[in-house]
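Chain and residue survey
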Amino acid sequence: MYYFKYTDSTNSKIKYNNSTIDNYDLVSARYPVKLTDYYASLITSPDNPIGRQCLPHIRELEDEVQCPDPLTESSLSPVPGLIHRYPDRVVLLVSNRCPVYCRFCMRKRHVGNGDAPMAREALNRALQYINDHPAINDVILSGGDPLMLADESLTAVLDGIRAIPHVSVIRIGTRVPVTFPERITGELANLLKRYHPLYINTHFNHPDEITPASRFACGVLADAGIPLGNQTVLLKGVNDSVETMKRLMTGLLSLRVKPYYLHQMDLVKGTAHFRTSVTTGLKIIAGMRGHISGLAVPQYVIDLPGGKGKVALLPDDVEFNDTTLSIRTYTGERVSYEDIRETRE
Ligand SMILES: *Cc1c(COP(=O)(O)O)cnc(C)c1O
Ligand code: SF4
């Protein structure tokens, strides 16, 4: 049994086996550190899949190559706190707080900075922008973590969005069911279900995050009729194997959570040590496709630098030879498939 203790970022001490985590002060001065009691209880050593995701490491400061905002979200931001990359959907950054600051976060430049919910004035400007753009029908609340907002603030945001007639779907991206499951109460679920169609995408990265507490939290949301998806980030040393990924994705189905995306790491400064090759990602997809329920297999996506958008990648299993296709099955067998030649009308 390990002795583990933490306090929050204002009181920079993480103790592990009675010794302070190396370079804690140095790293946390640049990138804030925060844990919940619950998530900390899942750490069995700094190198276990949970410890690696949330404990600071000197390698965060050694990343000289990658940049703070490779997806150029700032330049796709017509008003502060809103990202408008695709014509019909926007991301609204309603808070920069999270229960736990993940070391691999794609918004590392932003989270924990000032620790503030979106100001009322900024929210009004963002809502005005959405109102002025009738093509927008899908609003994604992100951050930071939207469920870190107090219920009143969350209600104000959701009321504001629902007052815009051309918005159909509201999505919430949140890691709260994974890192702070006690926030998911019946009261919160009752609040959220007033705004249907409302989807939640949560963010499990490892089967060890599937616990009675996170299972209960997902159950409360699913019982409120909220369709649950999951976005996993492919992380070196955490979940970069077929076995781990199969356990994670099939485990999620048992929580009534549909795996949506598996994300290739973005090239965000301070996170380079978590990056795997795309070949690894493709091998993992090939190792799942056909071997486990199709419902459990997410799309593997790269969010292209420069704000070019998300692109799904598939293992290269088709060879074209005129109209004859040679297709590799999930067991590795090659099967030939005769295509048609389409004629123009
Ligand atoms: C990921 C993302 C979306 C949503 O994309 P989907 O493929 O519809 O889930 C929208 N806007 C931005 C800026 C995004 O990064
Ligand atoms: S919960 Fe999400 S937004 Fe917050 S630090 Fe983790 S990855 Fe980043």
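Structure: above.
Read on for an overview of the structure. (Residues numbered from 1 in each chain as written. Chains lettered and ligands numbered in written order. Predicted model: local features only at pLDDT ≥ 70, side-chain atom pairs only at ≥ 80, totals over all residues. Heavy atoms only, no water.)

**A few points about the site of ligand 2**
Near ligand 2, the surroundings consist of Cys98, Val100, Tyr101, Cys102, Cys105, Val111, Gly144, Arg175 and His203. Among the cavities detected, the one that contains ligand 2 is the largest pocket. Classifying every residue of the shell around ligand 2 by side-chain character gives 6 nonpolar, 2 polar and 1 charged. (Near = heavy atom within 4 Å. 1 Å grid on protein atoms, 1.4 Å probe; cavity = no way out; pocket = protein on both sides within 12 Å on 5 of 7 lines; lining within 4 Å. Sits in = over half its atoms within 2 Å of the grid points. Nonpolar A, V, L, I, M, F, W, Y, C, P; charged D, E, K, R; others polar.)

**Structural notes on empty space enclosed by the protein**
One pass over the structure, following the stated rule, counts 2 cavities of 30 Å³ or more. In this structure, the largest cavity encloses a volume near 40 Å³. What lines the largest cavity is simply Tyr31, Pro32, Tyr101, Cys102, Arg103, Lys108 and Val111. By residue class, the composition of the lining of the largest cavity is 5 nonpolar, no polar and 2 charged. Considering only enclosed or pocket space, the second largest cavity measures out at about 30 Å³ in volume. For the second largest cavity, the full set of lining residues is Pro68, Asp69, Pro70, Leu71, Glu73, Met106, Arg109, Asp266 and Val268. The residue inventory of the lining of the second largest cavity, partitioned by class, reads 5 nonpolar, no polar and 4 charged. (Points joined across faces, edges and corners; volume = space filled by probe spheres on them.)

**Here's the deal with the packing of aromatic side chains**
Applying the stated criterion to the full structure yields 2 aromatic pairs. Centre to centre, the rings of Phe104 and Phe274 are 5.8 Å apart; their planes meet at 85°, and the pair counts as edge-to-face. With Phe104 in the loop between strand 5 (89-93) and helix 4 (120-132) and Phe274 in the loop between strand 10 (257-263) and helix 10 (278-288), this pair connects stretches of sequence that are 170 residues apart. Comparing Phe104 with Phe274, the two get one shared label, buried. Plain terms: the ring middles of Tyr260 and Tyr261 are 3.9 Å apart, the flat faces sit at 25° to each other, and that makes the pair stacked. Judged by its relative accessible area of 27%, Tyr260 falls in the partly exposed class. Looking at Arg89, its charged tip hangs above the ring of Tyr86, at a distance of 4.0 Å from the centre. (Phe/Tyr/Trp six-rings, centres within 6.5 Å; stacked < 30°, edge-to-face > 60°. Helix = DSSP H or I, 4+ residues; strand = E, 2+ residues; numbered from the N terminus. Buried < 20%, exposed > 50% of the residue type's maximum accessible area, 1.4 Å probe, protein only. Lys NZ or Arg CZ within 6 Å of the ring centre and 35° of its normal.)

**A short note on the sheet that holds strand 15 (residues 334-338)**
Spatial strand order, 13-14-15: 3 strands in an open sheet with antiparallel pairing. In this open sheet, the two strands that pair with only one neighbour each are strand 13 (318-321) and strand 15. Direction aside, neighbouring strands of the sheet carry axes that sit 25° apart on average. Sheet analysis places strand 13 next to strand 14 (residues 324-328), joined by 4 bridges and oriented antiparallel. Paired with Asn321 across the bridge in strand 14 is Thr324. (Pairing = 2+ DSSP bridges. Axes fitted to C-alpha atoms, helices over the stretch in contact; angles between N-to-C directions.)

By themselves, these are just geometric observations and shouldn't be taken as functional.
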